[in-house]
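# Notes for the structure review
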Amino acid sequence: MLPQVNRILYCTDLSKNASYAFQYAVYLAKQTGADIHILKVVEQLSSDEKLTLQSYILNQNSREEFLHQRLNHAKAQLQERQDYFWEHIAPEEKALRPKITGCEVVEGYPEQTILKRSKELDCDLIIMGAHEKGWLQTLLGSVAKNVLRESRIPTLIVPRPEKNKA
């Protein structure tokens, strides 16, 4: 029996290529009838970054507000990208918007969070865009490489489009 795709985990870094990769997620959802869950992972601050934050922002409430604003900024950007995408898609394709069954921004380590959420959501496919630096960089130590290596479900990495196709 051929595998079925019922749930797609679309992971975004909010780059221009991530928007291009989203087109593939919507296309595959249309072809398979799958639902799409959108995930944006805001990378956790390193120990050094946390120490710097504590050194320069002495007030605990201000530090917490700063960390909260990081997530809110990512949520706002994600919502803007979604609105823009659906405003500029062909009218007959707008009916696919309900295929987006979840959209979340979480703080964590990207590879681990993507893999964990794909299992928790019982996804059949992960879709993400290649990093802005290009396909070669993606294969030499990025989030996409690590997800590809560790994932137990198919993972589609969408390379940057040619400049005249973007």
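As a reminder, the structure under discussion sits directly above these lines.
Residues numbered from 1 in each chain as written. Predicted model: local features only at pLDDT ≥ 70, side-chain atom pairs only at ≥ 80, totals over all residues. Heavy atoms only, no water.

Helix packing for two helices is described by the angle between their axes and how far apart those axes are. Axis separation between helix H4 (residues 110–120) and helix H6 (residues 143–150) bottoms out at 9 Å; the angle between their running directions is 40°. Considering the angle they form, H4 stands oblique to H6. Of the two possible hands of crossing, H4 and H6 adopt the one that is right-handed. Judged by residue contacts, Pro110, Glu111, Ile114 and Leu115 of H4 engage Val143, Asn146, Val147 and Glu150 from H6. (Axes fitted to C-alpha atoms, helices over the stretch in contact; angles between N-to-C directions. Helix = DSSP H or I, 4+ residues; strand = E, 2+ residues; numbered from the N terminus. Parallel < 35°, antiparallel > 145°, perpendicular 65-115°, else oblique. Left-handed = near helix turned anticlockwise from the far one by under 90°. Contact = heavy atoms within 4.5 Å.)

Turning our attention to the packing of helix H1 (residues 16–32) against helix H3 (residues 60–88). Orientation of H1 relative to H3, taken along the N-to-C sense of each, is 55°, at an axis distance of 11 Å. Here H1 is positioned oblique relative to H3, judged by the angle of their axes. By crossing handedness, the relation of H1 to H3 is classed as right-handed. On H3, the residues touching Lys16, Ser19, Phe22, Gln23 and Val26 of H1 are Arg81, Gln82, Phe85 and Trp86. Residue composition of the contact of H1 with H3, grouped by class: four nonpolar, three polar and two charged. (Nonpolar A, V, L, I, M, F, W, Y, C, P; charged D, E, K, R; others polar.)

Under the 1.5 Å per step criterion, the end-to-end length of H1 is 25 Å for 17 residues, consistent within 8% with the ideal 24 Å. A positive backbone phi angle near 80° is found at Gly33, which sits one or two residues after H1. (Expected span 1.5 Å × (residues − 1).)

Even without being glycine, Leu14 reaches a positive phi, approximately 70°. Counting through the fold element by element, Leu14 comes out in the loop between strand S1 (7–12) and H1. Phi angles above zero are rare outside glycine, and Asp122 is one such case at about 55°. Tracing the backbone through its elements, the reader meets Asp122 in the loop between H4 and strand S4 (125–129).

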